[in-house]
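Chain by chain, the residues run as shown.
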Amino acid sequence: MLIRKLNIDERPPMGLLLLADPSRKIVEEYLQRGQCFVAESNDQVIGCYVLLETRPETVELVNIAVEEIFQGKGIGKKLVMNAIEVAKSKGYKTIELGTGNSSISQLALYQKCGFRITGVDIDFFTKHYTEDIFENGIQCRDMIRLSRYL
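Residues numbered from 1 in each chain as written. Predicted model: local features only at pLDDT ≥ 70, side-chain atom pairs only at ≥ 80, totals over all residues. Heavy atoms only, no water.

**Student:** What is the right way to look at the state of the cysteines in this model?
**Tutor:** Disulfides are covalent bonds that connect the sulfur atoms of two cysteines. Throughout the structure, instances matching the rule amount to zero disulfides. We note that Cys36 lacks a disulfide partner, and the nearest cysteine sulfur, in Cys48, lies 5.2 Å from it. Among the residues examined, Cys36 registers a relative accessible area of 7% and is labelled buried. Of the cysteine sulfurs around Cys140, a residue in no disulfide, the closest is that of Cys48, at 18 Å. The class for Cys140 is buried, based on a relative accessible area of 4%. (Disulfide = S-S within 2.5 Å. Buried < 20%, exposed > 50% of the residue type's maximum accessible area, 1.4 Å probe, protein only.)

**Student:** Could you clarify how one ought to interpret the pairing of strand E4 (residues 58-66) in this entry?
**Tutor:** Every regular strand shows the same layout, with side chains that alternate between the two sheet faces. The buried count for E4 comes to nine of nine residues, which makes it a mostly enclosed element. Examined bridge by bridge, strand E3 (residues 44-55) and E4 share eight bridges and lie antiparallel to one another. The residue bridging Cys48 from the neighbouring strand is Ala65, located in E4. Between E3 and E4, which follow one another and run antiparallel, lie two residues, and Glu57 among them has a positive phi close to 70°. Across four bridges, the pairing between E4 and strand E5 (residues 94-100) is parallel. In the strand pairing of E5, Glu60 is matched with Glu96. (Helix = DSSP H or I, 4+ residues; strand = E, 2+ residues; numbered from the N terminus. Pairing = 2+ DSSP bridges.)

**Student:** Whenever I open this one, the nonpolar core confuses me. Can you help?
**Tutor:** In summary, soluble globular proteins display a tendency toward joint burial of nonpolar side chains. Grouped together as the largest cluster of nonpolar side chains are 26 residues, with contacts concentrated most on Tyr49, Leu51, Leu61, Val80, Ile95 and Phe115. Elements with a contribution of two residues or more to this core: strand E2 (35-41), E3, E4, helix H3 (75-89), E5, helix H4 (104-112) and strand E9 (143-149). A total of seven residues in this core trace back to one element, the largest contributor, which is H3. Discounting residues that sit within four places of it in the chain, Leu61 has contacts with Tyr49, Val50, Leu51, Val80, Ala83, Ile95, Glu96 and Leu97. Core analysis: the second largest hydrophobic core is formed by 14 residues, Leu6, Tyr30, Cys36 and Cys48 among them. (Core = buried A, V, L, I, M, F, W, Y, C linked by side-chain atoms within 4.5 Å. Contact = heavy atoms within 4.5 Å.)

**Student:** Please explain the environment of Phe124 as it appears in this structure.
**Tutor:** Looking at the secondary structure, you find Phe124 in helix H5 (residues 124-128). Sequence separation between Phe124 and Cys140 is 16 residues, and the spatial gap between their C-alpha atoms is 8.9 Å.

Encoded structure:
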């Protein structure tokens, strides 16, 4: 598997990005300001993530997605660890991310990768998304904020 920055003349993998964030408008907004990275296997994009500078010395991992048929194979962890290495190489001191309160396996993954919970944005998803989101039989209402010092 190869992880690389998306070339400027390539189209972002919107289908994948929308797996992690169902709002096309929000995805398009952070794609304009951030950098998209893709994971490829046999010339097929199987995963991606987006890094977005938020403050001096701080970058946010705003989207991370793996094609459903490739999930559960450690690709998500490789993408997160690659994002951490890219952030370090660019001189950032902190990497942050947010995930839904219903994203149980993602929350576990991020903590296994060294992220710590720093806060909760109450009702983030009910305020910013027009349709209700459910995962694992739980309504996604709140954004759990995590960060890791680099």
